[in-house]
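Listed below, chain by chain, are the residues.
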Amino acid sequence: PCHFHTREGLRVTSLRQLSQLVRTKRLSRSEFTSTAACPEGDETCYFDSIDREVINLDLYAVPAARNFIFAPSYVGEIFELDHVSVPGALPVSLEVMSLSPRVFDVRNFYNLDEADDIVERALNEKSESHKIKRSSTGASGYNVNSQRTSENGFDTNGHTAMAVKKRAFEVLGFDEYTESFADGLQVLRYNQSTAYIPHLDWIDDDHKRERHDFDSSAKGTNRFGTILLYMTDLPENGGGETVFPKAWPSQDPQNNIVLDDALKLVRESGDVELFKKGSWQEKMVAQCKSKLSAKPARAKAVLFYSQTPGGERDKESLHGGCPVLHGQKWAANLWVWNGPRSGYQGSPVNQWVKDEEEANRKKGMNPPTPHVELQGQFFNKGNSLAEMYFENTFWAKFGPEDPPVYVNTYEGHTWNVKVEGKVVKTWVIDSRKGHLQKFHLN
């Protein structure tokens, strides 16, 4: 079985919807059709022309186990996403930056106020797990990488973060927003000289050592698409681009330069005087000048895919955060998965996990309770100014005017509500109450 999408990613679920799309297409085309060639007094002839020649509604059949992926034909191609709603009703569109990897400039994805709000919330975050600190890498745990020198925090439940996450699902052609298919919004701060070496967002576990099955080409799940948000402008030659080292910036080879020539140019220009000669940062600056890159701009967004249409890892999607040469760069990553991510209900596990559990079952041993990630939603319907704490660690403001608090949590976790420093309500997570649990402070 397949599901069907328009060229722009809108899922078509009924003949009635398909008929409406055709009618809309006809009307929109008629606005651009001249009637000058029609016989005088004939007001209908151009519709026949439209029916025969102009109306073209492309449908893409996508296998049931796969996700829709935009199928561009050339660099510069435009996809008008009329079905995606944004504040101010601005038109959302994609412009193709590269065919391999698939990279798109997403126009009007979010606005200046939303960009500022994401930064402000990150600066005011107090939670140890979410506040801005030195960036880490890896599928699990906190691991500092000497070649990732940025700082980052997470916004999992802010009003703007949730709006942006849901909008990303619309752009990517999903039916609806599913929390388990997305990481929290990772907010990044790059000060002068900071950067992140080229890497893949797709999580590598080729030897299947992890419990989660990351092989998205079969039954596993992994990061599928990334939307990069830029929240600040940088000066001319300020650096901070997102570079795709496997893609050239120009379709004409004569307009491209090789890395060695780029190194000479940046050394002569003084752009790399912040770094030691031969350092990874210097090489990255040269890559950013010679390979496909996206320059930061306030409220700009870029989409790229980490998987091929068949679910394989797209090695061409290698990308990095170029060193900031002047100013300060604020950005954010939104990673969308092709299915439930690690720790969520329904997330796939590797065969060795199933074999181990089956062997234990035959020995009469009860299988261990999986450490399944649950979702908690907290609502304040009272009048008290409250704050949410994970045990004794501040988590979020929880006043009646604040947005609900959405958290990923586990069995036995304790969540406290404090008013003026005193605990007024305590909730303990109980997995028997279901995957999604809602709590109300009255």
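Residues numbered from 1 in each chain as written. Predicted model: local features only at pLDDT ≥ 70, side-chain atom pairs only at ≥ 80, totals over all residues. Heavy atoms only, no water.

A. Here's a closer look at the sheet that holds strand β24 (residues 422–428). Strand order in the open sheet made by the four strands is β21-β20-β23-β24, with antiparallel pairing throughout. Either end of the sheet is taken by a strand with one partner, and the two such strands are β21 (393–397) and β24. The sheet shows a mean angle of 30° between the axes of neighbouring strands, taken without regard to direction. (Pairing = 2+ DSSP bridges. Helix = DSSP H or I, 4+ residues; strand = E, 2+ residues; numbered from the N terminus. Axes fitted to C-alpha atoms, helices over the stretch in contact; angles between N-to-C directions.)

B. Molecular detail of the packing of helix α5 (residues 259–269) against helix α6 (residues 280–290). Relative orientation of the contacting elements α5 and α6 amounts to 110°, with a least axis distance of 8 Å. On the basis of the axis angle, α5 is roughly perpendicular to α6. Taking contact as the criterion, the partners of Leu259, Ala262, Leu263, Val266 and Arg267 in α5 are, on α6, Glu282, Lys283, Val285, Ala286, Gln287, Lys289 and Ser290. Tallied by class, residues from the contact of α5 with α6 come to six nonpolar, two polar and four charged. (Parallel < 35°, antiparallel > 145°, perpendicular 65-115°, else oblique. Contact = heavy atoms within 4.5 Å. Nonpolar A, V, L, I, M, F, W, Y, C, P; charged D, E, K, R; others polar.)

C. Looking closely at the sheet that holds strand β12 (residues 196–199). Pairing is antiparallel across the open sheet formed by four strands, whose spatial order is β12-β17-β14-β15. Among the strands making up the open sheet, the edge pair consists of β12 and β15 (292–294). Each strand axis lies, on average, 20° off the axis of its neighbour in the sheet, ignoring direction.

D. Structural context of the packing of aromatic side chains. Under the definition given, this model contains 19 aromatic pairs. Relative to Phe68, the ring of Tyr60 lies with its centre 6.5 Å away and its plane at 75°, an arrangement referred to as edge-to-face. Using a relative accessible area of 3% as the deciding quantity, one classes Phe68 as buried. Summarising the aromatic geometry, the rings of Phe169 and Tyr177 are spaced 4.8 Å apart at their centres and angled 70° between planes, so their arrangement reads as edge-to-face. For Phe169, a relative accessible area of 1% puts it in the buried group. Counting every residue linked through ring pairs, the aromatic cluster contains Tyr60, Phe68, Phe70, Phe79, Phe104, Phe169, Phe174, Tyr177, Phe181, Phe224 and Tyr305. Here Arg223 stacks its cationic end above the ring of Trp335, 3.7 Å away from the centre of that ring. It is Lys418 that lies over the ring of Tyr389; its NZ or CZ is 4.3 Å from the centre. (Phe/Tyr/Trp six-rings, centres within 6.5 Å; stacked < 30°, edge-to-face > 60°. Buried < 20%, exposed > 50% of the residue type's maximum accessible area, 1.4 Å probe, protein only. Lys NZ or Arg CZ within 6 Å of the ring centre and 35° of its normal.)

E. Quick look at the nonpolar core. Counting 45 residues, the largest nonpolar core has Phe70, Leu94, Phe109, Tyr110, Leu229, Met231 and Leu303 as its most contacted members. Taken together, the elements giving at least two residues each to this core come down to β5 (93–98), β6 (103–107), α3 (112–124), α4 (159–171), β11 (185–190), β13 (223–230), β16 (300–305) and β18 (329–337). By residue number, the principal contributor to this core is α4, which donates six residues. Residues within four places of Leu229 in sequence aside, it is in contact with Phe109, Tyr110, Ile118, Val164, Leu185, Lys300, Ala301, Trp330, Ala331 and Ala332. The next biggest cluster of nonpolar side chains, apart from the first, holds 16 residues, and it includes Ala386, Met388, Val405 and Val419. (Core = buried A, V, L, I, M, F, W, Y, C linked by side-chain atoms within 4.5 Å.)

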